[in-house]
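Structural features, examined
Here are the chains, one letter per residue:
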Amino acid sequence: MQKDALLAEVNSALEAVRKNNPLAPSITNTVTINLVANTQLACGGSAAMVYLADEGEMMAKISKSMYINMGTQFTCYPETLPRTAKACAENGNAWVLDPVGIGIGAQRENILKQFKEFKPKIIRANASEVIALASLWNLTEQKENSVRGVDSTDEVLSAKDAAVALAKYTGGAVAVSGKADLVTDGTTSVLCHGGSAFLPMITGAGCSLGGVCAVYGNVTSPFIAALTATLLYNEASVKAEKISKGPGTFQSNFIDQLYLVSSAGIKDAEIETLN
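Below is a short write-up of the structure. All of these numbers come straight from a predicted model, not from anything done at the bench.

Remarks on the pattern of salt bridges
Close approach of charged atoms allows side chains with opposite charge to pair. For the structure on display, the rule yields 6 salt bridges. We note a salt bridge from Glu 57 to Arg 83, for which the minimum N-O separation is 2.8 Å. Residue Glu 57 is found in helix 3 (residues 53-62), and its partner Arg 83 is found in helix 4 (residues 77-90); the two are separated by 26 residues along the sequence. Residue Glu 57 is classed as partly exposed on the basis of its relative accessible area, which comes to 24%. Close ionic contact of Glu 235 with Lys 239 constitutes a salt bridge, the shortest N to O distance being 3.4 Å. With a gap of 4 residues between them, Glu 235 and Lys 239 both fall in helix 9 (residues 222-242), about one helical turn apart. Taking the relative accessible area as the measure of exposure, Glu 235 reaches 18% and is therefore buried.

Listed below in structure tokens is the structure:
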């Protein structure tokens, strides 16, 4: 698909969310819950944060898209997360998975293994997490875990094969975040350049991106939803950096720019389609 056609679909998704204010419930970590909710609201969506299994199941039924982030783990999550993911799959909910922290502890690994059956429609992660998840689900060759806490030790393009394998298996899309971002549906892969150097300096930039992917998952295909959120983050963050003194003011300005850019639309973007 050509750049102009991609941007046309992206802007259609931006407009649809602004018009319809879709609900994208989240089960996300306590470190980022505020930023996830505020970024979802800024781009025109509606937010709801849940923790309990019956709440997750209910939200999966009443919403078209939902976000599950594997951050802060609670003792109820071995019940809550698989039940919610199952409900999403059964109800055709285009749910989003962020496998943050994959490789840290048995509880997290066991839950992620169960998620394979329920096929998230968007996976948003850094390169190391994408590589590790594809390996955990036996979609690629087993590799030594290269995740360092929540940080990536791998370059984005090194995760392309794993991302493609995940997207083909789920029938959805994968967004790999880094200095340049990769978005793929298993057939079409797009590399997105741009983004602010301040993004890694605020807690929850990647996590909130997953929540915004879920917002757009309400109104368009998983691939366009992931691409829309990624391009929106890149443009908004660059504009925010220009008027910020540091990470603190950047976070506030970034939320403002998400609102402004998503309202005005994306006229241009530095993207390239990969073979």
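Re helix 3
Along helix 3, the residues that are buried comprise Ala 53, Gly 56, Met 59 and Ala 60. Seen end-on, helix 3 carries its buried residues on one side only, within an arc spanning 125°. Residues Asp 54, Lys 61 and Ile 62 are exposed on helix 3 and point more than 90 degrees away from its buried face.

Examining the sheet that holds strand 6 (residues 173-177)
Spatially, the 9 strands line up as an open sheet ordered 2-1-3-4-5-6-7-8-9, and their pairing is mixed. Each end of this open sheet is capped by a strand with a single partner; those strands are strand 2 (46-49) and strand 9 (271-274). On average, each strand axis in the sheet is inclined to that of its neighbour by 20°, with strand direction left out of account. Of the pairings in the sheet, the one linking strand 8 (residues 189-192) to strand 9 comprises 4 bridges and is antiparallel in character. Considered in strand 9, the bridge of Ser 189 is made with Leu 274.

Some words on helix 4
Relative to the 20 Å expected for 14 residues at 1.5 Å per residue, helix 4 spans 19 Å between its end C-alpha atoms, a close match to the ideal helical length. Taken together, the buried positions of helix 4 are Tyr 77, Thr 80, Leu 81, Pro 82, Thr 84, Ala 85, Ala 87 and Cys 88. Residues of helix 4 that are buried in the fold lie against strand 1 (23-27), helix 3, strand 3 (67-69) and helix 5 (106-118). Just downstream of helix 4 lies Gly 92, where phi reads positive at about 70°.

What counts, and where the lines are drawn
- Residues numbered from 1 in each chain as written.
- Predicted model: local features only at pLDDT ≥ 70, side-chain atom pairs only at ≥ 80, totals over all residues.
- Heavy atoms only, no water.
- Salt bridge = Lys/Arg side-chain N within 4 Å of Asp/Glu carboxyl O.
- Helix = DSSP H or I, 4+ residues; strand = E, 2+ residues; numbered from the N terminus.
- Buried < 20%, exposed > 50% of the residue type's maximum accessible area, 1.4 Å probe, protein only.
- Arc of directions from axis to C-beta.
- Pairing = 2+ DSSP bridges.
- Axes fitted to C-alpha atoms, helices over the stretch in contact; angles between N-to-C directions.
- Expected span 1.5 Å × (residues − 1).
- Contact = heavy atoms within 4.5 Å.

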